[in-house]
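Structural features, examined
So the chains spell out like this:
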Amino acid sequence: MGREIAETADTIYLLKPKAKTALQDSDIIAKRSSAEEWRCAASAHAQQHGGKPWCYVLIPHTVI
């Protein structure tokens, strides 16, 4: 599964679909933590330059 970017009028979303059964795997949890750190940095940079905040969304495959 890949990742996608979606943009609305006020937010940019980094969407990461994953198998529902894998959401609690240690590697997925570590990647989620890294993605959240990146999201915070990207949002701070965007805010300094008049851009939109970023939001990271981990999506279970069963809701797609």
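In this report, we go over the structure that sits alongside the text. As the structure is a computational prediction, the values presented were derived from the model and not from experiment.

Spatially, 3 strands are ordered β1-β2-β3 in an open sheet, and the strand pairing comes out mixed. Looking at strand neighbours, the two that pair on one side only are β1 (4–7) and β3 (54–60), the edges of this open sheet. On average, each strand axis in the sheet is inclined to that of its neighbour by 25°, with strand direction left out of account. Two strands pair when backbone bridges link them, and β1 and strand β2 (residues 12–18) are joined in this way by 4 bridges, in the antiparallel orientation. Looking at β2, one finds that Ala6 is bridged to Tyr13. Where helix α1 (residues 26–48) meets the sheet, it contacts β2 and β3, and its direction lies at approximately 155° from that of β3.

Turning next to the nonpolar core. Of all hydrophobic cores here, the largest spans 10 residues; its members are Ile12, Leu14, Ala22, Leu23, Ile28, Ala35, Ala42, Trp54, Tyr56 and Leu58. Sorting the residues of this core by element identifies β2, α1 and β3 as the ones contributing at least two each.

Right, let's talk about the pairing of β2 for a bit. In terms of residue burial, β2 counts as a mostly covered element, since 5 of its 7 residues are buried. Sheet analysis places β2 next to β3, joined by 7 bridges and oriented parallel. Opposite Leu15, over in β3, you have Val57 as the bridge partner. Since β2 and β3 lie parallel, the crossover through α1 that links them has a hand, and here it is right-handed.

Moving on to the pattern of salt bridges. By the definition in use, this model includes 2 salt bridges. With its nearest N and O atoms 2.6 Å apart, the salt bridge here joins Glu7 to Lys52. With a gap of 45 residues between them, Glu7 in strand β1 and Lys52 in the loop between α1 and β3 connect regions that are remote in the sequence. With relative accessibility at 54%, the residue Glu7 sits in the exposed group. In this structure Lys52 comes out as partly exposed when scored by relative accessible area, which is 24%.

Conventions and cut-offs
- Residues numbered from 1 in each chain as written.
- Predicted model: local features only at pLDDT ≥ 70, side-chain atom pairs only at ≥ 80, totals over all residues.
- Heavy atoms only, no water.
- Pairing = 2+ DSSP bridges.
- Helix = DSSP H or I, 4+ residues; strand = E, 2+ residues; numbered from the N terminus.
- Axes fitted to C-alpha atoms, helices over the stretch in contact; angles between N-to-C directions.
- Contact = heavy atoms within 4.5 Å.
- Core = buried A, V, L, I, M, F, W, Y, C linked by side-chain atoms within 4.5 Å.
- Buried < 20%, exposed > 50% of the residue type's maximum accessible area, 1.4 Å probe, protein only.
- Right-handed = clockwise from strand over helix to strand, strands pointing away.
- Salt bridge = Lys/Arg side-chain N within 4 Å of Asp/Glu carboxyl O.

These results come straight from atomic positions and should not be treated as a statement about function.
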